[in-house]
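Observations on the three-dimensional arrangement
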Amino acid sequence: MRIYFLSYKPAILKLNGLYVGGLDLFERHIEIDLSDSVLAEIVPGENLQPVNFFINEKLLFAPPPYMDVYLMDGEALIYIREYGNKNVALNVIAQTRFCGNLITVFSQGGVFISIEGGEYSLLPLSPRFFNVRFEEKTVAGLPVLAVWGGNALLIISDSGKRIFMNEVEKAEFGDTLEVTVAFETCTAAKAECAYGYDGEKLSLLSGKTVETCPPEKNILQFAFFESVLTCGNYEHYLDNELKSKAGILKNYLGDFVSVTVPTEKFYAEHGDIRAAGLVYPKAANLFEVKYFAVDLSGEKISNVYPAE
């Protein structure tokens, strides 16, 4: 089986103790017989802990929590998205009091936030929160605490509960909470959302997806599937006949969570067709990639079908 490797941090790959090569966010692959149960070790820099695991059938159906596995047609991709830190000493990064709650952001092998008040909660955070700042705001006249880590935004209610957590391009606090979220799509799409607040939870009042960059014709299929995923105006990619079936088409494609480029092996078997890989959750940290292709009528999509 062809196995692809990705690592969110630069690292080296060893198989059965032998150095194979470097890893990063650029896909690299090797051919492995799963029955051999090869021992893989991935060693990152930055004083992070290495990870090790056997590459076998079990791994491809029950991956460990630091890894995402993507199953494709006769192939698999292993993405290491988390490494432990060798420095596990407790270090307080920032602390504040808010509406009777003690809010502490600290590191101990990773970054966490503890909220102590009427209740106690402990939440893991992304490494962005190593550089954290607090802002007291109001939404609908009610107090909230905005915790920023770069563009990552965590909002805590006056009762100490998490009510929002996402990467945002911008956020405006007032009668409503208005946020702009940038998607990593080929059309540089953005979601513009407005939320109401009742003191307990946020409720979506309105939302729209805006595509800020028209796609080139050679990547039209990716723009279309990404538009379906982000609830954009995907109907404008369809010809008149298929446009009348837009609602059915969304249900037909199902609940995929991302769009990916087909592999070299896929193109070798199917030729240069207009296809994209749709990623579907299968189990914890486990995903299945299904390929769909499109036909064009002029500049519009006239057919969508599984690429088998």
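Coordinates for the structure precede this section.
Thresholds applied
- Residues numbered from 1 in each chain as written.
- Predicted model: local features only at pLDDT ≥ 70, side-chain atom pairs only at ≥ 80, totals over all residues.
- Heavy atoms only, no water.
- Helix = DSSP H or I, 4+ residues; strand = E, 2+ residues; numbered from the N terminus.
- Buried < 20%, exposed > 50% of the residue type's maximum accessible area, 1.4 Å probe, protein only.
- Contact = heavy atoms within 4.5 Å.
- Areas by Shrake-Rupley, 256 points an atom, 1.4 Å probe, with all protein chains shown as cover.
- Lys, Arg positive; Asp, Glu negative; His and termini not counted.
- Charge placed at Lys NZ, Arg CZ, Asp CG, Glu CD.
- Core = buried A, V, L, I, M, F, W, Y, C linked by side-chain atoms within 4.5 Å.
- Pairing = 2+ DSSP bridges.
- Disulfide = S-S within 2.5 Å.
- Axes fitted to C-alpha atoms, helices over the stretch in contact; angles between N-to-C directions.
- Phe/Tyr/Trp six-rings, centres within 6.5 Å; stacked < 30°, edge-to-face > 60°.
- Polar contact = N/O pair within 3.5 Å; in protein donor to acceptor, adjacent residues only side chain to side chain.
- Salt bridge = Lys/Arg side-chain N within 4 Å of Asp/Glu carboxyl O.

Brief notes about the overall build of the protein chain
Scanning the protein chain from N- to C-terminus turns up four helices and 24 strands. Evaluated residue by residue, the protein chain yields a buried proportion of 43% over its 308 residues. Here the analysis covers contacts within the protein chain between residues at least 6 apart in sequence; of these, 44% occur between residues at least 24 apart. About 16000 Å² of surface is accessible on the protein chain, with carbon and sulfur atoms providing 51% of the total. Counting 26 positive and 40 negative side-chain charges, the protein chain places the centres of these two groups 3 Å from one another.

Digging into the nonpolar core
Among the nonpolar cores identified, the biggest contains 27 residues, and Phe5, Ile42, Phe53, Ile55, Ile78 and Ile80 are the most heavily contacted of them. If near-sequence neighbours (up to four positions away) are discounted, isoleucine 55 is found in contact with Ile3, Phe5, Leu15, Ile32, Leu34, Ser37, Val38 and Ala40.

Points about helix H1 (residues 220-229)
Because an α-helix packs 3.6 residues into every turn, residues spaced three or four apart end up facing the same way. Among the ten residues that make up H1, nine are buried, leaving the element largely enclosed by the rest of the structure. Residues Leu220, Gln221, Phe222, Ala223, Phe224, Phe225, Glu226, Ser227 and Val228 constitute the buried set of H1. At its buried positions, H1 is contacted by helix H3 (246-253), strand S21 (258-260), strand S22 (275-283), strand S23 (286-297) and strand S24 (300-306).

Examining the pairing of strand S3 (residues 18-23)
The sheet contact formed by strand S2 (residues 11-15) and S3 spans five bridges and is antiparallel. Residue pairing across strands places lysine 14 opposite tyrosine 19, the latter belonging to S3. From the end of S2 to the start of S3, which pair antiparallel, there are two residues, and asparagine 16 there has a positive phi angle of about 50 degrees.

Some points on the state of the cysteines
Taken as a whole and assessed by the stated rule, the structure comprises zero disulfides. The closest cysteine sulfur to the non-disulfide-bonded cysteine 186 is located on cysteine 213, 8.3 Å from its own sulfur. The exposure class of cysteine 186 is partly exposed, given its relative accessible area of 24%.

Focus on the sheet that holds strand S10 (residues 101-107)
The strand order S9-S10-S11-S12 describes an open sheet built from four strands, whose pairing is antiparallel. Pairing within the sheet leaves two strands with one partner each, and these edge strands are strand S9 (91-98) and strand S12 (120-125). Shown here is a sheet whose adjacent strand axes are inclined to one another by a mean of 15 degrees, direction ignored.

Re unusual backbone geometry
For asparagine 16, which is not a glycine, the phi torsion comes out positive at approximately 50 degrees. Its place among the elements puts asparagine 16 in the loop between S2 and S3. Residue asparagine 16 is classed as exposed on the basis of its relative accessible area of 52%. One non-glycine residue, glutamate 46, lies in the positive phi region at around 60 degrees. Along the polypeptide, glutamate 46 turns up in the loop between strand S5 (38-44) and strand S6 (51-55). Among the residues examined, glutamate 46 registers a relative accessible area of 56% and is labelled exposed.

Considering the packing of aromatic side chains
Under the definition given, this model contains eleven aromatic pairs. When the ring of tyrosine 252 is compared with that of phenylalanine 292, the centres are 6.0 Å apart and the planes differ by 80 degrees; the resulting orientation is edge-to-face. In this pair, tyrosine 252 sits in helix H3 while phenylalanine 292 sits in strand S23, placing the two residues 40 residues apart along the sequence. Of the residues examined, tyrosine 252 reaches a relative accessible area of 41% and is grouped as partly exposed. Taken together, a centroid distance of 5.6 Å and an interplanar angle of 80 degrees make the contact between phenylalanine 266 and tyrosine 267 edge-to-face.

So, the side chain of asparagine 285
Mapped onto the fold, asparagine 285 is located in the loop between S22 and S23. Separated by 3.4 Å, the side chain of asparagine 285 and the backbone oxygen of proline 64 make a polar contact. Of note is the side chain of asparagine 285, whose polar atom sits 2.9 Å from the side chain of arginine 81. Discounting residues that sit within four places of it in the chain, asparagine 285 has contacts with Pro63, Pro64, Pro65, Met67, Asp68, Val69 and Arg81.

Re the sheet that holds strand S14 (residues 142-149)
With respect to topology, four strands assemble into an open sheet ordered S13-S14-S15-S16, the strand pairing being antiparallel. Every interior strand has two partners, whereas the edge strands, strand S13 (132-139) and strand S16 (162-167), have only one. Each neighbouring strand pair of the sheet contributes to a mean axis angle of 20 degrees, computed without reference to strand direction. Pairing geometry for strand S15 (residues 152-157) and S16, over five bridges, is antiparallel. Looking at S16, one finds that leucine 153 is bridged to asparagine 166.

Here we look at the pattern of salt bridges
Applying the stated criterion across every chain yields a total of 14 salt bridges. Put simply, glutamate 82 and arginine 81 hold a salt bridge, and the shortest N to O gap is 3.7 Å. Accessibility expressed as a relative area gives 28% for arginine 81, which makes it partly exposed. In this structure, the salt-bridge partner of glutamate 169 is lysine 190, at a minimum N-O distance of 2.9 Å. Here glutamate 169 is found in the loop between S16 and strand S17 (170-173), whereas its partner lysine 190 is found in strand S19 (residues 190-197), with 21 residues between them in sequence. Among the residues examined, glutamate 169 registers a relative accessible area of 41% and is labelled partly exposed. For lysine 190, a relative accessible area of 26% gives the class partly exposed.

No statement about biological role is implied by the geometric values presented.
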